[in-house]
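Each chain, letter by letter, is given below.
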Amino acid sequence: MSTKKPSPPPTTLTATCNCAAIQLSVTGIDKGSVLCHCSNCRRASGSAFAYNHRFLPGELTFAKGEEAIRQYVDTNTKSGNPLERHFCGTCGCPMFMKNPQFKGLIVLHGGSLEDHRVQPRQELFIEDKRPWVGEVTSKKAKL
Ligand SMILES: [Zn+2]
Ligand SMILES: [Zn+2]
């Protein structure tokens, strides 16, 4: 008998922005959530850290509002990889990111996900973590 786990079935998560102009979903292989403590993610999220849910590969589908999406290519990243940050052009909510280094990767921002209760598995750039943020996990993130 084989003890190998079968590959997981594709998962779908749905996200909406505050003005509801954008409704999108991602279907794909769920790699779980990570917290990112880097200063660029802090600024982009307006918070002490970003809560990012990763799909690799993931497929993005817009129920509505694809034309409302704006993109900022963040080239000054700590990893050195450019990040395409996508947000609502009307209300400014961060929606998802892509990283050209990882083809097929879709990173959804956890704050805009509907009914999402998955605890992050990993943290990125812990050296930049605000000292008052509690322990979430000790695992280092990798894809
Ligand atoms: Zn919006
Ligand atoms: Zn980051």
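Going by an unreviewed UniProt entry, the protein chain carries the name Mss4-like protein and comes from Neohortaea acidophila. Under the UniProt heading Sequence similarities (unreviewed entry), the entry covering the protein chain gives this text: "Belongs to the Gfa family."

> Sorry if this is basic, but what is going on with the overall build of the protein chain here?
In terms of regular secondary structure, the protein chain is built from 1 helix and 8 strands. The order of α-helices and β-strands along the protein chain, N terminus first, is β-β-α-β-β-β-β-β-β. Computed over the C-alpha atoms, the radius of gyration of the protein chain is 15 Å, within 12% of the 15 Å expected from 2.2 N^0.38 for a compact globule of 143 residues. Judged by the C-alpha coordinates and their principal axes, the protein chain covers about 55 × 35 × 30 Å. Split into buried and exposed, the 143 residues of the protein chain put 30% on the buried side. Long-range contacts, defined here as pairs at least 24 residues apart, represent 58% of the contacts in the protein chain between residues at least 6 apart.

> Is there a simple way to think about the pairing of strand S7 (residues 106–109) in this case?
Taken residue by residue, a regular strand's side chains alternate between the two faces of the sheet. Neither face of S7 is open: one carries Ile106 and Leu108, the other Val107 and His109, and all of them are buried. Both strand S3 (residues 50–64) and S7 contribute to a ladder of 4 bridges, which runs antiparallel. Looking across to S7, one finds that Arg54 is bridged to Val107. The pairing of strand S6 (residues 94–98) with S7 spans 2 bridges and is classified as antiparallel. Bridging from a neighbouring strand, Phe96 pairs with Leu108 of S7.

> Would you take a moment to explain the UniProt feature "domain: CENP-V/GFA" (unreviewed entry) in the protein chain for this structure?
Within this numbering scheme, the UniProt entry marks residues 13–133 as carrying the feature "domain: CENP-V/GFA" (unreviewed entry). Along residues 13–133, the helical share is 6% and the strand share 47%, with 26 Å between the first and last C-alpha atoms.

> What am I meant to see in the nonpolar core here?
Within soluble globular proteins, side chains that are nonpolar tend to cluster in buried spots. Counting 16 residues, the largest nonpolar core has Met95, Phe96, Ile106 and Leu108 as its most contacted members. Counting residues per element, the ones that place at least two in this core are strand S1 (11–16), strand S2 (23–36), strand S5 (83–88), S6 and S7. In contact with Ile106, not counting residues within four places along its chain, are Val26, Gly28, Phe55, Gly58, Leu60, Phe96 and Lys98. Residues Val34, Leu35, Ala50 and Tyr51 belong to the second largest nonpolar core, which totals 8 residues.

Calculation rules
Residues numbered from 1 in each chain as written. Chains lettered and ligands numbered in written order. Predicted model: local features only at pLDDT ≥ 70, side-chain atom pairs only at ≥ 80, totals over all residues. UniProt positions renumbered as here; feature names shortened; annotations may be inferred. Helix = DSSP H or I, 4+ residues; strand = E, 2+ residues; numbered from the N terminus. Rg over C-alpha atoms; globule rule 2.2 N^0.38 Å. Buried ≥ 20, exposed ≤ 12 C-beta atoms within 10 Å, placed from the backbone. Contact = placed C-beta atoms within 7 Å. Pairing = 2+ DSSP bridges. Core = buried A, V, L, I, M, F, W, Y, C linked by C-beta atoms within 7 Å.

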